[in-house]
Amino acid sequence: MPSVLRVALPVPLPTLFDYLPPTTGEVKAGSRVLVPFGRGKAVGVVVETDVPANVGNARLKRVLRVLDDAPLLDEALMHTLAWAADYWLGAPGEAYANALPLLLREDKPLPETREPVWWLTIAGQSALDAGSRRGGSRALLEALSEGPMSAAELDTSLPDWRAAARRLTEAGLIERGEQSLSSTPGPTVVPPVLQAEQEAAVDAVAQAFGRFQPFLLDGITGSGKTEVYLSLIERALAQDKQVLLLVPEIGLAPQTVRRLRERLGVPVEVLHSNLAEGERARAWLRMRNGEAKVMLGTRSAVFTPLPHAGLIIVDEEHDSAYKQQEGFRYHARDIAMLRGRALHVPVLLGSATPSLESLANVEAGRYQPLHLRSRPSAAHPPQVQIVDMRAQRLEHGLSPAMLHTIGETVARGEQVLVFRNRRGYAPVLLCHGCGWHADCPRCEHPLTLHAAWRKLVCHHCDHQSAVPTSCPVCGSNELKPQGQGTERLEEALTAHFPNTPVLRIDRETTRRRDAFEQLLGNLQADAPAILVGTQMLAKGHDLPNLTLVALVGVDEGLLSVDFRASERLAQLVVQVAGRAGRARKPGRVLLQTHHPDHPLLHSLLARGYGAAAKELLAERRQTGLPPYGHQILLRAEAHQRAAVDAFLSEALHALPDLATLQVAGPMPAPMPLRAGRQRGQLLIESTTRRQLHAAVRPWSLQLPQLPSARKVRWSLDVDPIDLY
Ligand SMILES: Nc1ncnc2c1ncn2[C@@H]1O[C@H](COP(=O)(O)OP(=O)(O)OP(=O)(O)O)[C@@H](O)[C@H]1O
Ligand SMILES: [Zn+2]
């Protein structure tokens, strides 16, 4: 057998591919290579070198070109990726592809790591003096008249600058060049003096520098977790080490970047899906080269190379955004742990509402707990009060008590957050004559009415249709919106409080880049306002004049069949409530419900998240559910129900019949039809992870060979967080 290179290619197949090495030169694991693949070419990552081939000589092809002289992915990262691909039972090639920004998965030279900057040309200066340009172009000329600016700077000061930059570059009025990052000013903000508990947390983590140790920083909302991160980042920087800070959402990034830049006085790299590909690749490479020290990013940033690793931080570690829901279905919190272990650095998870998984890890002694129990800048965390909605006359879903308190708050000149986790005007359009309601034809789920768009929209598959003027069944024209979405609440609150600005913040109003920041920027710090929004508003924002949080319509979470629904609801309630009273003014939280006696609400409100989480954990232990039991979910979908059933039953037959495995299904998915596809699943559980993997790993390789596998789309989800 000839010795070959084993290469990961970005295809959804459970294998690596063998290629003959190039005729000259040496290739190292972690380097990218261009190889012939199918009828074309592909860029892959060399996983192993000098291994005996798995296939016969005749079928082996030779690598076309080696793209990297030195490995792009270092040994520690390669090791983590191999482990992760095996654990999540993904296609290994997809795991390696996830680790690289898109631009680095192409057959192109590595981009320059210096940041592009724009400056005025002489012609540009004259155009500005002559006042010959208007609008965005003029704004950009004016901004650059002060001196060159980088993309990142322009992003913060002139959100819509890109189109103008293109026009002005073409007209020769501005020019693009590159500048290295050394010219960042030092810190501009003085850190607060840490409180004793913050200090203790910082010391504990700092003492673990240089070795792997997981920590869970369990600190109430507003307790200063971010200050703990900042102080630790400073300590790591003082030792010339790199830090990776993960946040769950892009929405949190701009605020946090600003806070980091002001405090640390070093360049802070950013990596999230809203960036241009070039910027993502540059940020990744600057960390890889060691030029940059701090990386702030969302889920996929967990793969950032850290040649001088000092610390990994996962903020809001309970957030489900850390789980990738397609392709390589990894969990970034778990990858962070793997990386910490491989790099010998501490990993700090932080949350006001830790996941039950992390709490169980503390209980088992695997994670060291750290606590922050008070708010340094406020007297008390806000109290949550229940508003019983039963038998109340509701005005667009708002009870009189709720409206009254909102009125009092804005009359004092303070701000209110009305939380409703549903976009649109109303979740259902119902015929008052016969009871018909508008359903998505592709999902058989109610369509959401969007009043401003005059459309019915499916929130599961995006199917859209016109709003009927009369009922298609009985012809009645009494079609009534049922229930409230944020759009309807905005309308109702605007009508009820005509003199107070009402701002809606949800996926629709924040579609544009930076819209979220701008909306919040429009809030005057000392003036009254009502914010209406979805969970985008649940976390990470500090609005000092916000003193009332009103939660409406969280009852769905109390009634859900998903075993994680209670945990999610508890987290959401506590996080949203945490937005109230963060500065000196005391905060209040009202929760409006039809189930005032629900046990979860009771323990949550009477004894707090920690106590509620303990009860939920006890239930999970009793029922053998995660984190005490372990699950792998096989999902399948097809246009025909019969194809789904056939595949799942063949899959079930192929599964070894072991006493250590419990199998549920085949069964329809909780949402049996979605976007016109029939969906089904098979849930495999075991009390030990090892046994579960030992059984499922060989089985997963059999699945593509099953006769019915070609007729369905299927996927395996290890530790699924959504069973739908
Ligand atoms: N030691 C301190 N002294 C004074 N103010 C502090 C101190 N630590 C934090 N703060 C302030 O308290 C507020 C909340 O802090 P921070 O944003 O770090 O909390 P957090 O725990 O990350 O919040 P959340 O989880 O709710 O987003 C901020 O305005 C911060 O500047
Ligand atoms: Zn649909």
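Predicted model only: the values in this text are computed from it and were never measured. Each chain carries its own residue numbering, running from 1 in the direction its sequence is written. Chains carry letters and ligands carry numbers; both start at the beginning, A for chains and 1 for ligands, and go up in the order they are written. Where local features are concerned, this predicted model is filtered to residues with pLDDT of at least 70; where side-chain atom pairs are given and counted, the filter is 80 or more; whole-chain, interface and lining totals use all residues. Each side-chain value is derived from all of the structure's non-hydrogen atoms; neither hydrogens nor water enter the calculation.

A few points about the packing of aromatic side chains
Phase 1: Only the six-membered ring of Trp is used, alongside the rings of Phe and Tyr, when aromatic pairs are assigned; centres must lie within 6.5 Å, and planes under 30 degrees apart are stacked while those over 60 apart are edge-to-face, with the rest tilted. Going through the model one piece at a time under the given rule, you end up with eight aromatic pairs.
Phase 2: Seen in terms of ring centroids, Tyr-87 and Trp-88 are 4.8 Å apart; in terms of plane orientation they differ by 80°. Their pairing is edge-to-face. The residues Tyr-87 and Trp-88 share a single accessibility class, namely buried.
Phase 3: Note on Phe-328 and Tyr-330: the rings are 5.2 Å apart at their centroids and 40° apart in plane angle, and the pair reads as tilted. There is no split in this pair, since Phe-328 and Tyr-330 are both buried.
Phase 4: One aromatic cluster is present, built from ring pairs that chain together Trp-83, Tyr-87, Trp-88, Phe-303, Phe-328 and Tyr-330. Burial classification: accessible surface area is computed with a 1.4 Å probe over protein chains only, and a residue below 20% of its type maximum counts as buried, one above 50% as exposed, and the rest as partly exposed.

Some thoughts on the domain arrangement of the chain
In many analyses, interface size is given as the accessible surface area lost on bringing the parts together.
Phase 1: Annotation comment: domain bounds sourced from an automatic or database domain assignment. The domain architecture assigned to the chain consists of domain 1 (3–105), domain 2 (115–179), domain 3 (196–372), domain 4 (383–426 + 483–618) and domain 5 (630–718).
Phase 2: Averaged C-alpha coordinates put domain 2 and domain 5 at centres separated by 55 Å.

Some details on the side chain of Thr-486
Phase 1: One can find Thr-486 in helix α14 (residues 486–496).
Phase 2: A relative accessible area of 0% means that Thr-486 is categorised as buried.
Phase 3: Contacts were defined at the residue level, with two residues in contact if any of their heavy atoms lie within 4.5 Å. Apart from the residues within four sequence positions on either side, Thr-486 is in contact with Arg-420, Arg-422, Arg-423, Gly-424, Arg-504, Asp-506, Val-532, Gly-533 and Thr-534. Secondary structure elements follow DSSP: runs of H or I of four or more residues count as helices, runs of E of two or more count as strands, with numbering from the N terminus.

Some words on the site of ligand 1
Phase 1: Near, as used in this document, describes a residue that has one of its heavy atoms within 4 Å of the molecule or strand being considered. Around ligand 1, the surrounding shell holds 20 residues, and the nearest of these are Val-193, Gly-222, Lys-225, Thr-226 and Arg-582.
Phase 2: For ligand 1, a nitrogen atom lies 2.9 Å from a polar atom in the side chain of Gln-198.
Phase 3: Under this definition, polar contacts are N or O atom pairs within 3.5 Å; protein pairs additionally need one hydrogen-donor-capable and one acceptor-capable atom, and for neighbouring residues in sequence, both atoms have to be side-chain atoms. At 3.0 Å from an oxygen atom of ligand 1 is found a main-chain nitrogen or oxygen belonging to Gly-224.
Phase 4: The dominant element in the shell around ligand 1, judged by the number of residues it contributes, is helix α8 (residues 225–238), at three residues.
Phase 5: Residues are grouped as follows: Ala, Val, Leu, Ile, Met, Phe, Trp, Tyr, Cys and Pro are nonpolar; Asp, Glu, Lys and Arg are charged; every other residue, Gly included, is polar. Looking at the shell around ligand 1 residue by residue, the classes come out as five nonpolar, nine polar and six charged.
Phase 6: Shared between two domains, the shell around ligand 1 takes at least three residues from each, and those domains are domain 3 (196–372) and domain 4 (383–426 + 483–618).

Observations concerning the UniProt feature "binding site: Zn(2+) 1" (unreviewed entry) in the chain
Phase 1: UniProt positions are given in the numbering used here, feature names are shortened, and annotations may be inferred rather than shown by experiment. UniProt annotation of "binding site: Zn(2+) 1" (unreviewed entry) refers to Cys-431, Cys-434, Cys-471 and Cys-474 when read in the numbering used here. On the basis of their most widely separated C-alpha atoms, the annotated residues across 44 residues gather in one place, lying no more than 8.6 Å apart.
Phase 2: Within the secondary structure, Cys-431 sits in strand β19 (residues 428–431).
Phase 3: Look past the residues within four positions of Cys-431 in its chain and what remains in contact with it is Trp-436, Cys-471, Cys-474, Ser-476, Glu-478 and Leu-479.
Phase 4: Take Cys-474: it is sitting in the loop between β22 (464–466) and β23 (479–482).
Phase 5: Relative accessible area serves as the criterion here: at 39%, Cys-474 is assigned to the partly exposed category.
Phase 6: Other than its neighbours up to four places away in sequence, Cys-474 contacts Cys-431, Gly-433 and Cys-434.

Some points on helix α3 (residues 122–130)
Phase 1: When α3 is considered as a whole, its buried residues turn out to be Gly-124, Ala-127 and Leu-128. The buried residues of α3 all sit within an arc of 100° when viewed along its axis, so they share a single face. Across α3 from its buried face, at more than 90 degrees, point the exposed residues Ile-122, Asp-129 and Ala-130.
Phase 2: Gly-131 lies just past α3 and shows a positive phi near 65°. This arc is taken over the directions from the axis of the helix to the C-beta atoms.

A look at the sheet that holds strand β20 (residues 448–450)
Phase 1: For two strands to be treated as a pair, DSSP must find at least two bridges joining them. Pairing is antiparallel in the open sheet, where three strands are placed in the order β20-β21-β22. Each of the sheet's edge strands pairs with one partner strand only, and the pair in question is β20 and β22. This sheet shows a mean twist of 30° between the axes of neighbouring strands, independent of strand direction.
Phase 2: Examined bridge by bridge, strand β21 (residues 455–457) and β22 share three bridges and lie antiparallel to one another. Note that in β22 the partner of Lys-455 across the bridge is Ala-466. For helices, the fitted axis covers only the stretch in contact; all axes are lines through C-alpha atoms, and the angles between them, taken along N-to-C directions, range from 0 to 180 degrees.

Here we look at the UniProt feature "binding site: Zn(2+) 2" (unreviewed entry) in the chain
Phase 1: Under the UniProt annotation, "binding site: Zn(2+) 2" (unreviewed entry) lies at Cys-440, Cys-443, Cys-458 and Cys-461. The named residues occupy 22 residues along the chain; their greatest pairwise C-alpha distance, 8.7 Å, places them in one compact cluster.
Phase 2: Along the chain, Cys-458 turns up in the loop between β21 and β22.
Phase 3: Assessed through its relative accessible area of 0%, Cys-458 is described here as buried.
Phase 4: Leaving out residues up to four positions away in the same chain, Cys-458 has contacts with Cys-440, Cys-443, Leu-447 and His-463.
Phase 5: In this structure, Cys-461 sits in the loop between β21 and β22.
Phase 6: The buried category is assigned to Cys-461, whose relative accessible area is 16%.
Phase 7: Setting aside chain neighbours within four positions, we find Cys-461 in contact with Cys-440, Arg-442, Cys-443 and Ala-675.

Considering the sheet that holds strand β31 (residues 713–718)
Phase 1: The strand order across the open sheet formed by four strands is β29-β30-β28-β31, and the pairing between neighbours is antiparallel. Two strands in the sheet have a free side with no partner beyond their single neighbour: β29 (662–674) and β31. Within this sheet the neighbouring strands show an average axis-to-axis angle of 20°, counted without direction.
Phase 2: In the sheet, strand β28 (residues 630–638) pairs with strand β30 (residues 677–686) via nine bridges, with the strands oriented antiparallel.

Quick notes on the pattern of salt bridges
Phase 1: For this analysis, a salt bridge means a side-chain nitrogen from Lys or Arg found within 4 Å of a carboxyl oxygen belonging to Asp or Glu. All chains considered together, the criterion is met by 32 salt bridges.
Phase 2: The partner of Glu-637 in a salt bridge is Arg-679, and the shortest N-O contact between them spans 3.8 Å. Of the two residues, Glu-637 sits in strand β28 while Arg-679 sits in strand β30, which places them 42 residues apart along the sequence.
Phase 3: Judged by relative accessible area, which is 18%, Glu-637 ranks as buried.
Phase 4: The exposure class of Arg-679 is buried, given its relative accessible area of 8%.
Phase 5: Linked by salt bridges that have partners in common, Glu-227, Glu-234, Arg-259 and Arg-263 make up one network.

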